[in-house]
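Spelled out from the first residue to the last, the chains are:
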Amino acid sequence: MNHAARIGEVGAALETRSQTVLTERQCHFSLRGESGAMLAGRPDLVTIDDDQGVVYDIKTGQPSIADHAQLMIYMYALPHVDRFRDMELNGRIVYRDHDIDIPATAIDNSFRGNLFSLLRRVVSPDPPRQAPSQLECAFCDLTPADCPQRIAFEPEIETTDVPDF
Ligand code: SF4
């Protein structure tokens, strides 16, 4: 409810200065890659002025680095949809007390390569390499029977004395 209210506030403010303001259902996307992976989402707001757009993601919680990735995925995906095709899209994450701008140039070959690699791994029949840690395993639903790698306690790191420094 807080999120919906904030989208309304921010959207109303944007309508006073942008030609077009699109809300969630007007800017959803659903892409299917050759691997079969689906990438779908619904940005909170998109403004369009001439041939430039800004994708907005409104956050009501604590800032997280994942917020950047989420918005950058929107910025990558939307230009594949007819309404936004080939449009230059910048991005803005709107928090309660500050904004973070992400330029269109952030969607570079490095970002694209990492995203495509992740999507291919998600649908690959080969399981990904496990990287067990107490923190990760604590949030994982797999039992020790499902995953022999599961660890409940982080082993202590032994300290070795060296004369080098
Ligand atoms: S239980 Fe297994 S799959 Fe789950 S986080 Fe730990 S290592 Fe990864």
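Keep in mind that what you see is a predicted model, and the values were worked out from it rather than measured.

1. Quick notes on the environment of Arg42
So, step 1. Mapped onto the elements of the fold, Arg42 is located in the loop between strand S3 (38–41) and strand S4 (45–49).
So, step 2. Classification of Arg42 by C-beta neighbours within 10 Å gives partly exposed; the count is 13.
So, step 3. Between the alpha carbons of Arg42 and Ser124 there is a distance of 25 Å; along the sequence they are 82 residues apart.
So, step 4. Excluding its chain neighbours within four sequence positions, the residues that come into contact with Arg42 are Glu24, Cys27 and His28.

2. What about unusual backbone geometry?
So, step 1. A positive phi angle is found at Asp50, which is not glycine, with a value near 55°.
So, step 2. As for its placement among the helices and strands, Asp50 is situated in the loop between S4 and strand S5 (52–58).

3. Comments concerning the site of the ligand
So, step 1. Taken together, Gln130, Pro132, Glu136, Cys137, Cys140, Leu142, Cys147, Gln149 and Arg150 form the complete shell of residues around the ligand.
So, step 2. Class assignment of the residues belonging to the shell around the ligand gives a composition of 5 nonpolar, 2 polar and 2 charged.

4. Here's the deal with the nonpolar core
Nonpolar side chains in soluble globular proteins tend to end up buried together.
So, step 1. Val46, Val55, Tyr56, Leu71, Tyr74, Met75 and Leu78 are the most contacted members of the largest nonpolar core, which totals 21 residues.
So, step 2. Put simply, the parts of the chain that give this core at least two residues each are strand S1 (20–23), S4, S5, helix H2 (65–77) and strand S6 (88–94).
So, step 3. Among the elements that make up this core, the one with the highest residue count is H2 (5 residues).
So, step 4. Excluding residues within four positions of it along the chain, Tyr74 makes contact with Gly41, Pro43 and Val55.

Calculation notes
Residues numbered from 1 in each chain as written. Predicted model: local features only at pLDDT ≥ 70, side-chain atom pairs only at ≥ 80, totals over all residues. Helix = DSSP H or I, 4+ residues; strand = E, 2+ residues; numbered from the N terminus. Buried ≥ 20, exposed ≤ 12 C-beta atoms within 10 Å, placed from the backbone. Contact = placed C-beta atoms within 7 Å. Near = placed C-beta within 6 Å. Nonpolar A, V, L, I, M, F, W, Y, C, P; charged D, E, K, R; others polar. Core = buried A, V, L, I, M, F, W, Y, C linked by C-beta atoms within 7 Å.

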